[in-house]
There are 4 protein chains.
Amino acid sequence: MSDNRQNIINATDRLLQTHGLARLTTREIAREAKVAEGLIYHHFKDKAELIYEVVETRVRETKNQMLNLPLQVGKRSLSENLEEVLLSVYHAHYEITPIVNCIFADQKLRVRLQEIVKERNMGPQYAIEGLDVYLAAEQRLGRLSDAVEPAVLAKCLWMISIQSAMLDRWMGNESDETRVRRGIHDCVQTLMTGFAPRPKTEEKTEVKKSK
Amino acid sequence: MSDNRQNIINATDRLLQTHGLARLTTREIAREAKVAEGLIYHHFKDKAELIYEVVETRVRETKNQMLNLPLQVGKRSLSENLEEVLLSVYHAHYEITPIVNCIFADQKLRVRLQEIVKERNMGPQYAIEGLDVYLAAEQRLGRLSDAVEPAVLAKCLWMISIQSAMLDRWMGNESDETRVRRGIHDCVQTLMTGFAPRPKTEEKTEVKKSK
Amino acid sequence: MSDNRQNIINATDRLLQTHGLARLTTREIAREAKVAEGLIYHHFKDKAELIYEVVETRVRETKNQMLNLPLQVGKRSLSENLEEVLLSVYHAHYEITPIVNCIFADQKLRVRLQEIVKERNMGPQYAIEGLDVYLAAEQRLGRLSDAVEPAVLAKCLWMISIQSAMLDRWMGNESDETRVRRGIHDCVQTLMTGFAPRPKTEEKTEVKKSK
Amino acid sequence: MSDNRQNIINATDRLLQTHGLARLTTREIAREAKVAEGLIYHHFKDKAELIYEVVETRVRETKNQMLNLPLQVGKRSLSENLEEVLLSVYHAHYEITPIVNCIFADQKLRVRLQEIVKERNMGPQYAIEGLDVYLAAEQRLGRLSDAVEPAVLAKCLWMISIQSAMLDRWMGNESDETRVRRGIHDCVQTLMTGFAPRPKTEEKTEVKKSK
DNA sequence: AATGAATGAGCTTTCATTCAT
DNA sequence: GATGAATGAAAGCTCATTCAT
């Protein structure tokens, strides 16, 4: 009666989070899911397909989160929105990071999954695009400086969020809500103002836009 | 003659870069180093120790690279210096990324290396610190806005660089010099100016500094 | 409706012909027969029993074919008749050869089937006997040399036919009608005359009959 | 010190003879050879390569036997020589038959081995050719009827020998020396004389040579 | 009668590690 | 120091068989 297919996916996800790919054996998965080892191969062609399914599930959730970003346009302040959005990105990647790292460590698995990702058109761009669209909208509303390229800014912010998540994972830091929120807040505030030297006098700061 | 030890370390490094941890077998290492499989166990207690040695070597090199960053203070323009520094960070981590990913994929290996990294104070902070010191110096010279916290800015820039490197690795992009340089240039220019809405009139933009 | 039993037997036969015993899984059989895997175990005690059923069916058919061989006695020339008969033997065994090989590959299966074959008197003798009876009849009609032992000749001819079939299977040759027919024709003609040195003079060739 | 490579080959040969391919597991091979299972993969790339080696060894022996056939030309009587030769063929194939059958039962293994056999040019023709050459030589000496085609006769005799061996294997008959020798003797004597009807009177037997 | 999810033993293969030389 | 044959534990995967529905 219990949906063992989902059961196995969840068990695999849990094990990837806690023990990494190196210790992810079919035997362990079966034990964690409380099913027979052979059942895995009833539901999935091989271990790689199972792992893909886990990633796909995770990514789908994250993707949906990202696609909802533009809905917030114009509400609240720009930095409030941004911080919320980046926090979302952070959390999504805090979850997904161990799996991504694991896949990257196995050349063979990586190549195979890259193919699947390519054919299903599911790269990491989705997140950046979501941000990009949101920022462009805010720019049209005059809530974002006309001087910035939304695409470049989106990429910077996204990278900071995802790297924060990876760093916390790497350092073994718990994903403490207030600490993370403050970190993101600091980044946003700092970048918002820019770091070009503030003129002591009236003269305007001169910045050439890159081609 | 007996630089077979270094021989093995180099071979392992090469294999980690190209094939990842998953296919890193002692047999493969021995073949790559052109020595007998058993010799590995004369020079290293076990495979983990060998891998640690490889990582340690790499990280030490990268660390030294990072510590020399502040030497450029005051010369040329701020953004020229920053772009050069960030390019260094990018390249260093482009090299080290596959190894870092591999370590992260194996919980057991990761825990062991984390301890070593912690006790020898070899975390990623060193790089940020290098940047931090450099930025603070520039700030004292008045070439960097007083409004920013050097530490926060350093972290942001570092994260962007390292994440770019990882992304290129993940996407299978070659580390093309001009493309990378342009990417970093765009980021620096964008962040330098900030993205707070530009006042159409004279009034100053008001930004509260985070506590 | 419920000729699913025969359905499964036929599917198994087809798979044995094309893929051999090694890849003959119950899952494959079920797919080929378009029934559920479990249904096999409603109709047969186990896989061995199913295989036995397939072999039994095949062998019975072949046996019946062979028993009708002597019907041709006296009509047409001896060699014409023989060639026709041997062609029949060839075709029958071309079909049955893969299955026979498969059985022979599994000692356990072989022993079990040997017993059944023995008790039902279904060995390969029947075919030889059919030939034997036919040859004896021809001998009585004076169309076959008195010097030969029909049983020995029957065995020789039968062996040549069956071995030709096995060889064609082994070599991956299609059972091309004209090629096969010519091969058998050549054999018959050659053996018919014998290979004892032809006396240049009148004296008779002296051949001692074996005890 | 003991040559474990040959050890494993011999063990595999023994198991193929007694239990067939179906029960030929690496575990069993290791136990029979009294070595660890992993050692098999130190000496052979996979199980198929091991099996090929077994066959190759067997075939090499048989091949050498066959190539020595023509040395007997002219010595003793034709039928004595032939019987000896065919006995040799019989014994060689009595040994090799179980393995050949086993290979034939596994489509995948068969295809792979056929490729190897083809590229090394080691088909079963060698045996027929050996016989063919021998018979042609005897024909030139006038010890074999001019009326026969050596190639056809060679094939017939070879097929009878090999099929006798397979039949004895199939029937579970021990390879009893005197019984086998008598069987071959009977065949040779029978075929030597031919089975064309013997003329009661003086008239010559008329046999058309096949085109 | 019919299904197909579920089982678990056992298969081939990999690989870190040991050890006699 | 150096070799590579040998080990054995465990990996991914297959498959005949069972069983609730």
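Residues numbered from 1 in each chain as written. Chains lettered and ligands numbered in written order. Predicted model: local features only at pLDDT ≥ 70, side-chain atom pairs only at ≥ 80, totals over all residues. Heavy atoms only, no water.

## Description of the protein's contact with DNA strand E
Put simply, the rule is: One heavy atom suffices: a residue is near a molecule or strand as soon as one of its heavy atoms comes within 4 Å of it. Between N or O atoms, a polar contact is any pair within 3.5 Å; within protein, one atom must be a potential hydrogen donor and the other a potential acceptor, and residues adjacent in sequence are included only when both atoms are from side chains. A run of DSSP states H or I qualifies as a helix once it reaches four residues; a run of E qualifies as a strand once it reaches two. Both are numbered from the N-terminal end.
Of all residues adjacent to DNA strand E, which total 33 residues, the nearest are A:H42, B:T26, B:K47, D:T26 and D:K47. The sugar-phosphate portion of DNA strand E accounts for 60% of its atoms within 4 Å of the protein, the bases making up the rest. In this structure, A:N4 approaches DNA strand E through a side-chain N or O atom, which is 2.8 Å from a phosphate oxygen. Separating a phosphate oxygen of DNA strand E from a side-chain N or O atom of A:H42 is a distance of 2.4 Å. Contributions of two or more residues to the surface near DNA strand E are made by α3 (37–43) of chain A, α3 (40–43) of chain C together with α2 (26–33) and α3 (37–43) of chain D.

## Comments concerning the packing of aromatic side chains
Residue and element names in this part refer to chain A. Note the following rule: Classification of ring pairs rests on two measures: the distance between centres of Phe, Tyr or Trp rings, Trp counted by its six-membered ring, which must be within 6.5 Å, and the angle between planes, read as stacked under 30 degrees, edge-to-face over 60 and tilted in between. Between buried and exposed lies partly exposed: a residue is buried under 20% and exposed over 50% of the maximum accessible area for its type, with that area taken using a 1.4 Å probe on protein chains only. Note on geometry: a ring has a charge over it if NZ (lysine) or CZ (arginine) is within 6 Å of the ring centre and within 35 degrees of the ring normal.
Applying the stated criterion to the full structure yields four aromatic pairs over all chains. Judged by centre distance (5.9 Å) and plane angle (20 degrees), the ring pair of Y90 and Y94 falls under stacked. In this pair, Y90 and Y94 are both assigned in helix α5 (residues 78–105), four residues apart and thus about one turn of the helix distant. Using a relative accessible area of 1% as the deciding quantity, one classes Y90 as buried. Looking at Y94, the relative accessible area reads 11%, which means it is buried. Lying over the aromatic face of Y94, R169 brings its terminal NZ or CZ to 4.1 Å of the ring centre.

## Describing the pattern of salt bridges
Inclusion rule: Throughout this description, the term salt bridge denotes a Lys or Arg side-chain nitrogen within 4 Å of a carboxyl oxygen of Asp or Glu.
Applying the stated criterion across every chain, the model contains 40 salt bridges over all chains. One continuous salt-bridge network, built from bridges that share partners, spans A:D13, A:R58 and A:E95.

## Overview of the nonpolar core
The criterion, for reference: The definition of a nonpolar core used throughout is a set of buried Ala, Val, Leu, Ile, Met, Phe, Trp, Tyr and Cys residues joined through side-chain atoms within 4.5 Å. We call two residues contacting when some pair of their heavy atoms lies within 4.5 Å.
Judged by nonpolar contacts, the single largest core of 130 residues is most densely connected at A:L131, A:W158, A:F195, B:W158 and B:F195. At 15 residues, the largest contribution of residues to this core is made by helix α5 (residues 78–105) of chain B. Residues contacting A:L131, with those up to four places away along its chain left out, are A:L69, A:L82, A:V85, A:L86, A:A154, A:L157 and A:W158. Among the nonpolar cores identified, the runner-up in size contains 128 residues, and D:L16, D:L82, D:V89 and D:L113 belong to it.

## Description of unusual backbone geometry
Among all residues except glycine, the phi angle is most often negative; among peptide bonds, the trans geometry is most common. Residue and element names in this part refer to chain A. One non-glycine residue with positive phi stands out, namely K34, at about 55 degrees. Tracing the chain through its elements places K34 in the loop between α2 (26–33) and α3. Classification of K34 by relative accessible area gives exposed; the value is 74%.

## Focus: the interface of chain A and chain B
As a measure of interface size, the accessible area lost when the parts come together is often cited. Applied cut-off: Summed over both partners, the accessible surface that disappears when two parts come together, traced with a 1.4 Å probe, is what is meant by buried area.
In this assembly, 62 residues from chain A lie in contact with 63 residues from chain B. Taking both sides of the interface into account, the surface hidden between chain A and chain B amounts to around 5700 Å²; carbon and sulfur atoms contribute 69%. Contact with chain B buries surface across chain A, with A:F104, A:W170 and A:F195 losing the most and accounting together for 16% of the total. Connecting chain A to chain B are zero salt bridges. Summed over the shared surface of chain A and chain B, the result is zero residue pairs in polar contact (both at pLDDT 80 or more).

## Some points on the protein's contact with DNA strand F
Worth spelling out the cut-off: Only Asp, Glu, Lys and Arg are considered charged in this grouping, and only Ala, Val, Leu, Ile, Met, Phe, Trp, Tyr, Cys and Pro are considered nonpolar; every other residue, Gly among them, is considered polar.
Around DNA strand F sit 31 residues in total, of which A:K47, B:H43, C:T26, C:K47 and D:H42 are the nearest. The sugar and phosphate moieties of DNA strand F supply 64% of its atoms located within 4 Å of the protein. Here A:Y41 contributes a side-chain N or O atom positioned 2.8 Å from a phosphate oxygen of DNA strand F. For the surface near DNA strand F, the secondary-structure elements that each account for two or more residues are α2 and α3 of chain A, α3 (40–43) of chain B together with α3 of chain D. The element that contributes the greatest number of residues to the surface near DNA strand F is α3(D), accounting for four residues. Taken together, the residues of the surface near DNA strand F sort by class into ten nonpolar, 14 polar and seven charged.

## Notes on the relation of the copies chain A and chain B
The criterion, for reference: The superposition of copies rests on a least-squares fit of C-alpha positions from residues with pLDDT of 70 or more in both.
When chain A is fitted to chain B, the best match, at an RMSD of 0.5 Å, comes from turning it 179 degrees and sliding it 0.1 Å along the axis. What the superposition gives is, in effect, a two-fold axis relating one chain to the other. Rotation axis and chain A: the residue whose C-alpha lies nearest the axis is A:G194, separated from it by 1.8 Å. Most of the interface of chain A is mirrored in chain B: 100% of its interface residues are interface residues there too.

## A short note on the domain arrangement of chain A
Residues and elements named next belong to chain A. For the record, the criterion: Note that the domain bounds reflect an automated or database-derived domain assignment.
Domain parsing of chain A yields domain 1 (1–44) and domain 2 (47–193). The centre of domain 1, based on its C-alpha atoms, is set 27 Å off from the matching centre of domain 2. Taken together, the contact pairs 15 residues of domain 1 with 15 residues of domain 2. When domain 1 packs against domain 2, the two sides together hide about 1300 Å² of surface, and 69% of this comes from carbon and sulfur. Between the two partners, domain 1 and domain 2, sit two salt bridges. Of the charged contacts in the structure, one is a salt bridge between E53 and R5, with a shortest N-O distance of 3.3 Å.

## What about the packing of helix α4 (residues 47–67) of chain D against helix α5 (residues 78–105) of chain D?
All names here are of chain D. Note the cut-off: Orientation is described by lines fitted to C-alpha atoms, with helices fitted over the stretch in contact, and by angles between N-to-C directions that extend from 0 to 180 degrees. Should an angle fall under 35 degrees it is called roughly parallel, over 145 degrees roughly antiparallel, and 65 to 115 degrees roughly perpendicular, with every other angle called oblique. Working rule for handedness: look at the near helix, and if it is turned counterclockwise from the far one by less than a right angle, call the crossing left-handed; if clockwise, right-handed.
Where α4 meets α5, the axes come as close as 10 Å, and the angle between the chain directions of the two elements is 155 degrees. Relative to α5, α4 is oriented roughly antiparallel. α4 and α5 meet at a crossing whose hand is left-handed. Contacts between α4 and α5 pair V54, V55, R58, V59, T62, Q65 and M66 from the former with S88, V89, A92, E95, I96, I99 and I103 from the latter. Considering only residue class, the contact of α4 with α5 consists of nine nonpolar, three polar and two charged.

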